[in-house]
Amino acid sequence: AQSVTQLGSHVSVSEGALVLLRCNYSSSVPPYLFWYVQYPNQGLQLLLKYTTGATLVKGINGFEAEFKKSETSFHLTKPSAHMSDAAEYFCAVSSGGYNKLIFGAGTRLAVHP
Amino acid sequence: ETGVTQSPTHLIKTRGQQVTLRCSSQSGHNTVSWYQQALGQGPQFIFQYYREEENGRGNFPPRFSGLQFPNYSSELNVNALELDDSALYLCASSLDRQDEQYFGPGTRLTVT
């Protein structure tokens, strides 16, 4: 069975500070890993994904994540937070495809001036 | 290109009633997946439809059922509504079963 754990349901950073959102996964098969963002009253938007190959993946809006198999982690980072980054972020895993996504509980990111 | 659309946006139902939620997939996409997102939680996979057939189901009771039509739009039906069914229901379409999923804005269902 697959699962995702997001450490910290709420993260607060200052504008311009580093953003680090943590995600650990469990999977018995090589995983596909995803980060999604959800703005209030909207659906999910894909930020980035890891399937195979390069373990450091870059996404939209300056976000990136690194797949670390030994640590079963896929943490999301952004060097400098912007006010517009305030949203809910979800890490997800699937078993070698995109068809059934297993999501974490989410991390709400607040960015203050 | 039109994205994934869902209707209605909001819905209020009474416990025991039945509800139908609708999803129009993105042009050219033959696969639709449905997710339930309870307040404060991540989305949970309900089921997926591929070319009008169910292609996988999550841990949801049979009163959650679905349909996919020849134009690949889809419906989610929930019978005998319970208070815990109150959630945001998300639909996602993909080009094929193993392709990236594109999410709609969701339907917020409130059961009273």
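Residues numbered from 1 in each chain as written. Chains lettered and ligands numbered in written order. Predicted model: local features only at pLDDT ≥ 70, side-chain atom pairs only at ≥ 80, totals over all residues. Heavy atoms only, no water.

Where do I start with the overall build of chain A in this structure?
For chain A, the count of helices and strands is zero helices and 11 strands. Helices and strands appear in chain A in the N-to-C order β-β-β-β-β-β-β-β-β-β-β. Radius of gyration (C-alpha) of chain A: 13 Å, near the 13 Å computed for a compact globule of 113 residues. Its C-alpha atoms give chain A principal-axis dimensions of about 40 × 30 × 20 Å. Taken across its 113 residues, chain A has 44% of its residues classed as buried. In chain A, 57% of the contacts between residues at least 6 apart in sequence involve partners at least 24 apart. A total of about 5,300 Å² of accessible surface is found on chain A, and carbon and sulfur atoms cover 52% of it. Looking at charge distribution, chain A has the averaged site of its 8 positive side-chain charges lying 8 Å from that of its 6 negative ones. (Helix = DSSP H or I, 4+ residues; strand = E, 2+ residues; numbered from the N terminus. Rg over C-alpha atoms; globule rule 2.2 N^0.38 Å. Buried < 20%, exposed > 50% of the residue type's maximum accessible area, 1.4 Å probe, protein only. Contact = heavy atoms within 4.5 Å. Areas by Shrake-Rupley, 256 points an atom, 1.4 Å probe, with all protein chains shown as cover. Lys, Arg positive; Asp, Glu negative; His and termini not counted. Charge placed at Lys NZ, Arg CZ, Asp CG, Glu CD.)

Whenever I open this one, the environment of Gln37 of chain B confuses me. Can you help?
Mapped onto the elements of the fold, Gln37 of chain B is located in strand S4 (residues 31–37). Here the alpha-carbon distance between Gln37 of chain B and Thr2 of chain B, two residues 35 residues apart in the chain, equals 24 Å. When residues no more than four places from it in sequence are discounted, the contact partners of Gln37 of chain B are Gln38 and Phe90 of chain A together with Gly42, Pro43, Ala87, Leu88 and Leu90 of chain B. A distance of 3.0 Å separates polar atoms of two side chains, one belonging to Gln37 of chain B and the other to Gln38 of chain A. (Polar contact = N/O pair within 3.5 Å; in protein donor to acceptor, adjacent residues only side chain to side chain.)

Just to check I follow, could you spell out the state of the cysteines for this structure?
By definition, a disulfide links the sulfur atoms of two cysteine residues through a covalent bond. For the coordinates displayed, the defined rule picks out two disulfides over all chains. Two residues share a disulfide in this structure: Cys23 of chain A and Cys91 of chain A, whose sulfurs sit 2.0 Å from each other. On the sign convention where negative is left-handed, the bridge of Cys23 of chain A and Cys91 of chain A, at about -65 degrees about the S-S bond, is left-handed. One end of the pair, Cys23 of chain A, is in strand S3 (residues 19–26); the other, Cys91 of chain A, is in strand S9 (residues 87–94), with 68 residues separating them in the sequence. On the accessibility criterion, Cys23 of chain A (0% relative accessible area) is buried. You can call Cys91 of chain A buried: its relative accessible area is 0%. At a sulfur-sulfur separation of 1.7 Å, the disulfide partner of Cys23 of chain B is Cys91 of chain B. As the torsion about the S-S bond is roughly -50 degrees, the Cys23 of chain B-Cys91 of chain B disulfide counts as left-handed. (Disulfide = S-S within 2.5 Å.)

In this structure, what is going on with the nonpolar core? I would like to understand it.
Across soluble globular proteins, nonpolar side chains show a tendency to be buried alongside one another. Residues Trp35, Leu48, Phe74, Leu76 and Tyr89 of chain A are the most contacted members of the largest nonpolar core, which totals 26 residues. Those elements giving two or more residues to this core turn out to be strand S2 (10–14), S3, strand S4 (32–38), strand S5 (44–50), strand S7 (64–68), strand S8 (73–78), S9 and strand S11 (107–112) of chain A. With 20 residues, the next largest nonpolar core counts Val4, Ile46, Leu109 and Val111 of chain B among its residues. (Core = buried A, V, L, I, M, F, W, Y, C linked by side-chain atoms within 4.5 Å.)

What should I look at first to understand the pairing of strand S6 (residues 53–57) of chain B in this one?
Every other side chain in a regular strand lies on the same face of the sheet, so the side chains alternate between the two faces. As paired elements, strand S5 (residues 44–50) of chain B and S6 of chain B share three bridges and run antiparallel to each other. The partner of Tyr49 of chain B across the bridge, within S6 of chain B, is Glu54 of chain B. (Pairing = 2+ DSSP bridges.)

It is not clear to me how the sheet that holds S7 of chain A should be interpreted in this structure. Could you clarify?
Adjacent strands of a sheet pair through backbone hydrogen bonds, lying either parallel or antiparallel. Residues and elements named next belong to chain A. Judged by pairing direction, the sheet is antiparallel, and its five strands sit side by side in the order S1-S3-S8-S7-S6 without closing on themselves. Of all strands in the sheet, those with a lone pairing partner are strand S1 (3–7) and strand S6 (56–58), marking the two edges. Sheet twist, expressed as the average angle between the axes of neighbouring strands with direction ignored, equals 20 degrees. One ladder, built from four bridges, connects S3 with S8; its direction is antiparallel. If you follow Leu21 over to S8, its bridge partner there is Leu76. (Axes fitted to C-alpha atoms, helices over the stretch in contact; angles between N-to-C directions.)

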